[in-house]
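# Residue-level structural notes
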Amino acid sequence: MSFSRAIKIAPSILSADFADFGREIRAIEDHGADWVHVDVMDGHFVPNLTFGPPAVKAFRAHVKTVMDVHLMIAPVDPYIEAYAQAGADFLTAHVEAGPHIHRTLQAIRGAGMKAGVALNPGTPAGAVEHLLELADLVLVMTVNPGFGGQRFLDMTAKIAAIRAMIGDRPVHIQVDGGVDPATAPLVAAAGADVLVAGSAVFRGGTADTPAPYGKNIAAIRKAAEGAARSAA
Ligand code: DX5
Ligand code: ZN
């Protein structure tokens, strides 16, 4: 996987049909998804529950692109090896999930994965300042984590501050929550290159009729690329 700041669209399968993940993953990849975003929630760090390692391992069999696993769990460290075994390419942990995010990022890389660090909306950009050598991705949340379909929170100033801190380092900036063709230009212009979108990708389609997935992904990509070009 070589590093590129080109815009990447990462559909969140939190908005997929939960009885049909294999076909849903194939449908989004066949219709332009660059990465597949998997939201892991524990009912403790966030007020919702989703997938454990065996489910994520089952998804892996269908993912041909990049499996991007967003952990909204606390603690993180006891589960790192299980998500490595499940086949995560990127494993992202929240800075708010425990006192030792530095150690957590080292452990994620140590287990052979790319390491991501996520920030809740209330957490300032400076929280990642001393982590950039240990991270392959910084995830700026644009909703409070836990649910799909929430309203976008404007975190463009935070994204721009992190983009400046990253400089030439090969670190992605990912944005997650309320991303659609209207909000994608804002985050892309601020410096984000990986755009997660759940409801805005899956709306209007199904695994049987996946053409809307392709249209939705293309619309987000087009909006983001236009803004990223004019900001460059
Ligand atoms: C929120 C999750 C997101 C969510 C995004 O806790 O991390 O990935 O699925 O959903 P939308 O795009 O619908 O806001
Ligand atoms: Zn997510």
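Residues numbered from 1 in each chain as written. Chains lettered and ligands numbered in written order. Predicted model: local features only at pLDDT ≥ 70, side-chain atom pairs only at ≥ 80, totals over all residues. Heavy atoms only, no water.

### Structural notes on the nonpolar core
Formed by 75 residues in total, the largest nonpolar core has its most connected members in Ile13, Val38 and Val69. No other element matches the 5 residues that helix α8 (residues 211-231) contributes to this core. Residues within four places of Val38 in sequence aside, it is in contact with Ile13, Phe51, Val56, Phe59, Met67, Asp68, Val69 and His70. Membership of the second largest hydrophobic core comes to 11 residues, among which are Phe90, Leu137, Val143 and Val194. (Core = buried A, V, L, I, M, F, W, Y, C linked by side-chain atoms within 4.5 Å. Buried < 20%, exposed > 50% of the residue type's maximum accessible area, 1.4 Å probe, protein only. Helix = DSSP H or I, 4+ residues; strand = E, 2+ residues; numbered from the N terminus. Contact = heavy atoms within 4.5 Å.)

### Remarks on the coordination of the zinc ion (ligand 2)
Distances from the zinc ion (ligand 2) to its protein donors, His37 (NE2), Asp39 (OD), His70 (ND1) and Asp176 (OD), fall at 2.0 to 2.3 Å. We note that the donor set of the zinc ion (ligand 2) lies within a single chain, spaced as H-x1-D-x30-H-x105-D. Linking Asp39 in strand β2 (residues 36-41) with Asp176 in strand β7 (residues 172-176), this pair joins segments that are 137 residues apart in sequence. Residue Asp39 is classed as buried on the basis of its relative accessible area, which comes to 4%. On the basis of relative accessibility, which here comes to 8%, the residue Asp176 falls in the buried class. (Donors = N, O, S within 2.8 Å, 3.2 Å for Na, K, Ca; no water.)

### A few points about the pairing of strand β3 (residues 67-72)
β3 sits mainly inside the fold: 6 of its 6 residues count as buried. Alternating residues of β3 divide into Met67, Val69 and Leu71 and Asp68, His70 and Met72, and every residue in both groups is buried. Strand direction decides the pairing type here: β2 and β3, joined by 6 bridges, are parallel. Bridging across to β3, Asp39 finds its partner in His70. (Pairing = 2+ DSSP bridges.)

### A word on the layout of surface pockets
Quantified by volume, the largest pocket comes out at close to 290 Å³. Considering the residues around the largest pocket, the lining is formed by 27 residues, among which Gly148, Gly149, Asp176, Gly177 and Gly178 are closest to the centre. Of all elements in the fold, only β2, β8 (194-197) and α7 (199-202) reach the threshold of two or more residues within the lining of the largest pocket. For the lining of the largest pocket, a count of residues per class yields 12 nonpolar, 10 polar and 5 charged. (1 Å grid on protein atoms, 1.4 Å probe; cavity = no way out; pocket = protein on both sides within 12 Å on 5 of 7 lines; lining within 4 Å. Points joined across faces, edges and corners; volume = space filled by probe spheres on them. Nonpolar A, V, L, I, M, F, W, Y, C, P; charged D, E, K, R; others polar.)

### A few points about the pattern of salt bridges
Enumeration according to the criterion identifies 7 salt bridges in this entry. Close ionic contact of Asp208 with Arg23 constitutes a salt bridge, the shortest N to O distance being 2.5 Å. Taken together, the positions of Asp208 in the loop between α7 and α8 and Arg23 in helix α1 (residues 21-30) put the pair 185 residues apart, joining distant regions of the chain. A relative accessible area of 62% means that Asp208 is categorised as exposed. Overall, the relative accessible area of 33% leaves Arg23 in the partly exposed class. Linking Asp89 and Arg60 is a salt bridge whose minimum nitrogen-to-oxygen distance equals 2.9 Å. On the criterion of sequence distance, the pair formed by Asp89 in the loop between α3 (80-85) and β4 (90-94) and Arg60 in helix α2 (residues 53-60) is long-range, its members being 29 residues apart. Residue class for Arg60 comes out partly exposed when judged on its relative accessible area of 22%. Linked through salt bridges whose partners overlap, the residues forming this network are Asp20, Arg23 and Asp208. (Salt bridge = Lys/Arg side-chain N within 4 Å of Asp/Glu carboxyl O.)

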